[in-house]
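Take a look at the letters that make up each chain.
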Amino acid sequence: MTLLVAFTASLSGGQDHSGHNMGDMNMGPGSKIAWRMVPMTATMPMAPDMMDDVPNVAPFLPGYGMDVSMFAEAKPSEIIDLAHGDTLRMDASLVRRTIGGKEYVMMAYGGMYPGPLLRADRGSKVVVEFTNNIEMPTTVHWHGLRLDNAFDGVPGVTQDPILTGETFTYELIFPDEGMFWYHPHMREDVQQDLGLYGNMLVDPTTKGFYGPANREVPLILDDILIDDNGLLPFGESGPTHALMGRFGNVLMVNGITDYKLQVDKGDVVRFYLTNVANTRSFNVTFGGAKIKIVASDVSKYEREQFVPSVVISPAERYIVDVLFDETRDYQISNSIQAIDHYRGVFVPEVHALGRVSVSSKPSNPSFVTDYSVLRTNADTIADIDRFRKDFGREPDHKLRLTLKVHGLPMPTVRMMEIDTLYVPPMEWNDTMPMMNWLSSHDQVDWILKDEETGKENMDIQWQWKVGDVVKIRIFNDPKTFHPMNHPFHVHGQRFLVTSMDGVANTNLVWKDTAIVPVGATMDILVDVTNPGTWMAHCHIAEHLHSGMMLGFTVSK
Amino acid sequence: MLRSCYLLLAVCILSTAGWASSPPNSGAECVSPTFRSDYYQIKLVGTNKVRGARMAKGMTGVTFAQSPFGVALSESGTYVVNLELAMQNVTLDEGMSLVAWVSTPQIDQIRVIGRFDSQFKVAGSTDWNKFLVVITLEPKDTPLGATWTGPIVARGMSRSGLMHTLAGHGPYETEPCAVYGY
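Residues numbered from 1 in each chain as written. Chains lettered and ligands numbered in written order. Predicted model: local features only at pLDDT ≥ 70, side-chain atom pairs only at ≥ 80, totals over all residues. Heavy atoms only, no water.

(A) Representation of the overall build of chain A in the model. Per the secondary structure count, chain A includes six helices and 39 strands. Against the 2.2 N^0.38 benchmark of 24 Å for 556 residues, chain A shows a C-alpha radius of gyration of 22 Å, consistent with a compact globule. Along the longest, intermediate and shortest principal axes, the C-alpha atoms of chain A span 60 × 60 × 50 Å. Per-residue burial for chain A yields a buried fraction of 65% across its 556 residues. Summarising the internal contacts of chain A: among those between residues at least 6 apart in sequence, 80% fall at separations of at least 24. Counting 46 positive and 70 negative side-chain charges, chain A places the centres of these two groups 6 Å from one another. (Helix = DSSP H or I, 4+ residues; strand = E, 2+ residues; numbered from the N terminus. Rg over C-alpha atoms; globule rule 2.2 N^0.38 Å. Buried < 20%, exposed > 50% of the residue type's maximum accessible area, 1.4 Å probe, protein only. Contact = heavy atoms within 4.5 Å. Lys, Arg positive; Asp, Glu negative; His and termini not counted. Charge placed at Lys NZ, Arg CZ, Asp CG, Glu CD.)

(B) Just the sheet that holds strand β4 (residues 79-81) of chain A, in detail. Residue and element names in this part refer to chain A. Here five strands make up an open sheet; going across it, the order is β4-β8-β13-β12-β10 and the pairing mixed. Edge strands, defined here as strands with exactly one partner in the open sheet, are β4 and β10 (141-143). Between one strand axis and the next, the sheet turns by 25 degrees as a mean value, whatever way the strands run. Here β10 runs beside strand β12 (residues 178-183); their pairing, made up of three bridges, is antiparallel. Residue pairing in the sheet places His143 in a bridge with Trp181 of β12. (Pairing = 2+ DSSP bridges. Axes fitted to C-alpha atoms, helices over the stretch in contact; angles between N-to-C directions.)

(C) Seen up close, the confidence of the model for chain A. Considering every residue of chain A, the mean pLDDT works out to 92; 93% of them sit at 70 or more. Of the regions scoring below 50 in pLDDT, residues 4-30 of chain A engages in 77 contacts with residues more than four places distant in sequence or in other chains. (pLDDT = per-residue confidence, 0-100.)

(D) Spatial organisation of the side chain of Ser499 of chain A. Mapped onto the secondary structure, Ser499 of chain A falls in strand β33 (residues 494-500). If sequence neighbours within four positions are ignored, Ser499 of chain A has contacts with Ala504, Asn505, Thr521, Met522 and Asp523 of chain A.

(E) Spatial organisation of unusual backbone geometry. Residue and element names in this part refer to chain A. In this chain, Tyr113 is followed by Pro114 through a cis amide linkage whose omega measures -25 degrees. Following the sequence through the fold, Pro114 ends up in the loop between β7 (112-113) and β8 (115-121). Backbone torsion omega between Asn364 and Pro365 reads 0 degrees, so that peptide bond is classified as cis. Tracing the sequence through the fold places Pro365 in the loop between β27 (345-362) and α2 (368-372). The phi dihedral of Asp501 falls on the positive side, at around 50 degrees, and the residue is not glycine. Within the secondary structure, Asp501 sits in the loop between β33 and β34 (503-504).

(F) Seen up close, the sheet that holds strand β4 (residues 96-103) of chain B. Residue and element names in this part refer to chain B. With respect to topology, eight strands assemble into an open sheet ordered β5-β4-β7-β8-β1-β2-β3-β6, the strand pairing being antiparallel. Edge positions in the sheet fall to β5 (110-115) and β6 (121-126), since each of these pairs with one other strand and no more. In this sheet, neighbouring strand axes are inclined to one another by 25 degrees on average, regardless of whether the strands run parallel or antiparallel. Inspection of the sheet shows strand β3 (residues 81-88) paired to β6 by six bridges, in the antiparallel sense.

Here it is in structure tokens:
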């Protein structure tokens, strides 16, 4: 089987972003950075009295004003096979990237986009000597790994920030099979958005763990916010886009805008999907090809099943087997129902993410017969069995997801007051680019509220013990100033989503991140196995930096 | 629903304190408030025109269909939701039945959900983002066609139906239209 990570980049635009472009504003090399209006389509509503408004934080863009040619050009991601005991030296640095025909100063792990794919066997242990060569403090979080707490990469909790030029040594262990990823845990809204992300593929050590496939292909989904003058600045002291998160207007797969893959007729391709976008959720389709869901963040599903699309929120991963049984091109798309609040309608949108070209050459070997079988995973079922007695009991903790705002522009407040009759379960597009851009981290407090104690965010410090099974009921309050879906991530442990709105989940899988739609009540069951001081948070980067995180300590 | 549950709870508490004159079992079940949101539930409002159902009312519970992703979507990105309908205050004539339908807001596409059972409950699903629920009176033994033939007993609208053009009533007015009760 071949794991494909080399891609051909070429140039194409993303979504239309010309409608309200305000033109050049001091963006030449060496000039002082200034805000310019966020790109938005011409149909988007904009209050006249907001036209001249800018965020209340200073603009900031790493590498701004520097000659882009002085940076090394980033190269496509490569696989780094790691054996037990290996040591990898990797850095984060500023690089030159080309997107849509233009060059940008961005960031990269190991000089690659995405960062190198680290591949290791389950049960192995490796060392990563990481050096920070970007001009911001950073850390590396190894998302989904149940590793030693000291190496979780959370500043102020498990380690100090790694300053520019400093090195930190991480020890990684891989107790679970599947696709994981690594990213900064400082100013993710900037660093991750500019390219600091990479995958870790943990191979099973038992044969036949997954069904057979002809190829394995990682697909890292992302978006980035660009106008004719380049990357939109970020907030210097903290994020802009605090209400909805920073949606990009250029969509990318593996860091490029026109991903291509060549396969043979009848090939079963195992795609490993990871969503690294700051806030965008995707509904991925494969041009009518049949999709079988196999696994998610930390395990296989109890049962494989065919699905019409892959719904993936920030930080989630899904493993799907896709059958390409016709000689033709299949378009990989993000197929959504966007909302146009001005007209009050859903608008179907299909964003091209890439293309799979199927040759007339027959697949060899052919796994079409195996593909038609939906496997029941006895190992996953057995692993979950001991938790079933806890599914129906009362929760140990109840969290309410809400927010407070203060000091937002008055037009934003008025508009939000009017637009309260319907909020969708999920936000698939930036329905209010101007208002969203103008909301900064110090005007919006996203809140995880412990219903029992009344404590909020990092004032919550739950105390658990290894061996505990902790049930958390998460309610995403729809009657707040701005309800929104939240991908809830728990560090260092794994959990099951046992029910949604009181309806039992009939096909379970171990997760580390799960989406909580607006208005939903989601029950999760945390398998507490890993001692240390951890956090849980919303994985929308701008929500995290607007406070939406809590702490918990697991004692031995 | 949650709000009405709180009201019911308040009534129950007042009842036990002797503040209310109605007996405890006057038809309203006293249910403790749950943690569950009622946000997407659909109120079924009677048309007051159909004999035996002039006081008819009901509710449609809306939940995501089973999905390995938690949020159930179709290939085009519409939500796939399960609908659990319950009607009350209906007395059916012999040979008649209540039938639930779901339609687009333009009523240019209609799908049958099914006949209500003897408990006046029925369940189905839809993958439309904006839709109407229509409850009609139909002959019990006649096969259901592509659309209803009998009178409409009640109807309801998906929560998304409340999403309407801001241009229609002034996005910069200070009065949210919610004050008008919808």
